[in-house]
Each structure stands twice: as structure tokens, then as C-alpha cells.
Amino acid sequence: MEIITNAIISELKQATIAPILAKYQPSEPANALLQPNWQPAYAIEQLQQAELTRDAIQLIAHGLPVMSAIRWGLFVLQQHPGSKNDPILECVTNWLSSPNETLRIRAQQLAERIGLDTAPGWLGYSVFWSGTGSIVAPELPVVLPPDNMVGHAINAAILLAMIDS
């Protein structure tokens, strides 16, 4: 399964990786390698050449726009055997087609049931943390998630999917 494609890299619109690196902590080897002024495609190429694929995935997950990141995570998880009838993947597919509060909350409920030790659980939380609604109970004042939560969730979902395949 090819996870990192030219199509997904082309969706990274930042001029340099500096704003992406501000969203997460790279591994020590990646941190020693990466230069903040590098263009995203070059940085990913360098990470892959250094066999730091996990770091390349993390960079992409944090650099993509929210909808693109969730779409990428869904694509990767759909390649996993046995995912065809997964209710979270179906919910995420529906949410991507028609983002709404009902499906966002449903994704979180399904993810909560299976937990964060599964790739689909993280994918479900990525929708919940998409920034399109509050992450606290409806009776409380609105609290939006930090802007790096989707990147963290997609990174975890893809890495767990890689381990499971």
C-alpha cells in the first residue's frame, strides 16, 4: 500500500515547512535533518531517503488542510483488509460528502466506543476535532480544538493502520 503519493504531497501549499513544524515535535533524527526553509515536497523526499517514513507521514498529516488530511486518512484506512463495513469509515465518508454536526458527533461516539488504540478510532476523532464544532458538552460555552489535533489524529490513524497491515 502506497501511503505517500505525489497527489497528496501536491496538496501541501506552504512555501516552507516552518509553519508545519510549529504544529508538532519531529523525532530527533528528523529534527536534526529538517531545515525550516525547505519546501514541503523536498522535506518529504529527504525524510524518505533517510528512511524516516513515519516522520514524513507526520509532516504531511500536519501540513494538509483539514478536509484533505481526513480524506487521506480515510483513503489509507480503506486499503486495510476488513475495513469495508467499518461504521466509522462509513460515517467519515458521509461527513466528507456533507459535513454536518450530526455526523461529526456520530464519528466521535463511534470512535469513543472502540477507543484510541485503533486506526478507525483516531480517524473518527479527526472528524470530531475538525474545527467545525465545539469539543465540549452542548450546554457549555463553545470550545474549538487546537489547530494541530487533526494532524495528530491522522498521523496516529495512519501509523496504526501501517502496524495492522
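Scroll up to find the structure.
Cut-offs and rules
Residues numbered from 1 in each chain as written. Predicted model: local features only at pLDDT ≥ 70, side-chain atom pairs only at ≥ 80, totals over all residues. Heavy atoms only, no water. Salt bridge = Lys/Arg side-chain N within 4 Å of Asp/Glu carboxyl O. Helix = DSSP H or I, 4+ residues; strand = E, 2+ residues; numbered from the N terminus. Buried < 20%, exposed > 50% of the residue type's maximum accessible area, 1.4 Å probe, protein only. Expected span 1.5 Å × (residues − 1). Contact = heavy atoms within 4.5 Å. Axes fitted to C-alpha atoms, helices over the stretch in contact; angles between N-to-C directions. Parallel < 35°, antiparallel > 145°, perpendicular 65-115°, else oblique. Left-handed = near helix turned anticlockwise from the far one by under 90°. Nonpolar A, V, L, I, M, F, W, Y, C, P; charged D, E, K, R; others polar. Core = buried A, V, L, I, M, F, W, Y, C linked by side-chain atoms within 4.5 Å. Phe/Tyr/Trp six-rings, centres within 6.5 Å; stacked < 30°, edge-to-face > 60°.

(A) View of the pattern of salt bridges. Inspection of every chain in the model, using the stated rule, returns one salt bridge. The closest approach of N and O atoms between Arg-104 and Glu-101, which form a salt bridge, is 2.7 Å. On the criterion of helical spacing, the pair formed by Arg-104 and Glu-101 is a turn pair, its members being three residues apart in helix 8 (residues 101-114). Using a relative accessible area of 0% as the deciding quantity, one classes Arg-104 as buried. Under the relative-accessibility criterion, Glu-101 is labelled partly exposed at 40%.

(B) Inspection of helix 6 (residues 66-78) at higher detail. With 13 residues, helix 6 ought to run about 18 Å at 1.5 Å a step, and its terminal C-alpha atoms sit 18 Å apart, in line with that. The set of residues buried in helix 6 consists of Ser-68, Ala-69, Ile-70, Trp-72, Gly-73, Leu-74, Val-76 and Leu-77. The inward-facing, buried residues of helix 6 abut helix 1 (6-9), helix 5 (53-63), helix 7 (87-97), helix 9 (119-128) and helix 10 (149-164).

(C) The packing of helix 6 against helix 10, seen in detail. Taken N-terminus to C-terminus, the directions of helix 6 and helix 10 make an angle of 10°; their axes are 9 Å apart at the nearest point. Relative to helix 10, helix 6 is oriented roughly parallel. Of the two possible hands of crossing, helix 6 and helix 10 adopt the one that is left-handed. Facing helix 6, whose interface residues are Val-66, Ala-69, Ile-70, Trp-72, Gly-73, Val-76 and Leu-77, helix 10 presents Val-150, Ile-154, Ala-157, Ile-158 and Ala-161. Taken together, the residues of the contact of helix 6 with helix 10 sort by class into eleven nonpolar, one polar and no charged.

(D) Spatial organisation of unusual backbone geometry. Positive phi is not limited to glycine here, since Glu-51 has a value of about 60°. Of note, Glu-51 is situated in the loop between helix 4 (40-49) and helix 5. Judged by relative accessible area, which is 70%, Glu-51 ranks as exposed.

(E) Focus on the packing of helix 6 against helix 7. As a packed pair, helix 6 and helix 7 sit with axes 11 Å apart at the nearest point and diverge in direction by 145°. Here helix 6 and helix 7 pass one another in a crossing that is left-handed. Residues Met-67, Ile-70, Arg-71, Leu-74, Leu-77 and Gln-78 of helix 6 form the contact with helix 7, whose participating residues are Leu-89, Val-92, Thr-93, Trp-95 and Leu-96. Of the residues in the contact of helix 6 with helix 7, the class split is eight nonpolar, two polar and one charged.

(F) Looking closely at the nonpolar core. If you look at the biggest cluster of nonpolar residues, it comprises 54 residues, and the most contacted ones within it are Leu-59, Ile-60, Ile-70, Trp-72, Leu-123 and Ile-154. Top element by residues in this core is helix 10. It accounts for nine residues. Residues within four places of Ile-60 in sequence aside, it is in contact with Ile-4, Ile-8, Ile-9, Leu-12, Ile-44 and Trp-72.

(G) The arrangement of the environment of Ala-22 in detail. Its location among the elements puts Ala-22 in the loop between helix 2 (18-21) and helix 3 (28-33). Between the C-alpha atom of Ala-22 and that of Ser-10, which follows or precedes it by twelve residues, the distance is 20 Å.

(H) Quick peek at the side chain of Gln-46. With respect to the element layout, Gln-46 can be found in helix 4. Residues contacting Gln-46, with those up to four places away along its chain left out, are Leu-33 and Trp-38.

(I) Local environment of the packing of aromatic side chains. All chains considered together, the criterion is met by four aromatic pairs. Centre to centre, the rings of Trp-38 and Tyr-42 are 5.0 Å apart; their planes meet at 90°, and the pair counts as edge-to-face. In this structure Trp-38 comes out as buried when scored by relative accessible area, which is 17%. A ring pair is formed by Tyr-125 and Phe-128, whose centres lie 6.3 Å apart and whose planes are at 85°; its orientation type is edge-to-face. With a gap of three residues between them, Tyr-125 and Phe-128 both fall in helix 9, about one helical turn apart. You can call Phe-128 buried: its relative accessible area is 8%. Counting every residue linked through ring pairs, the aromatic cluster contains Trp-122, Tyr-125, Phe-128 and Trp-129.

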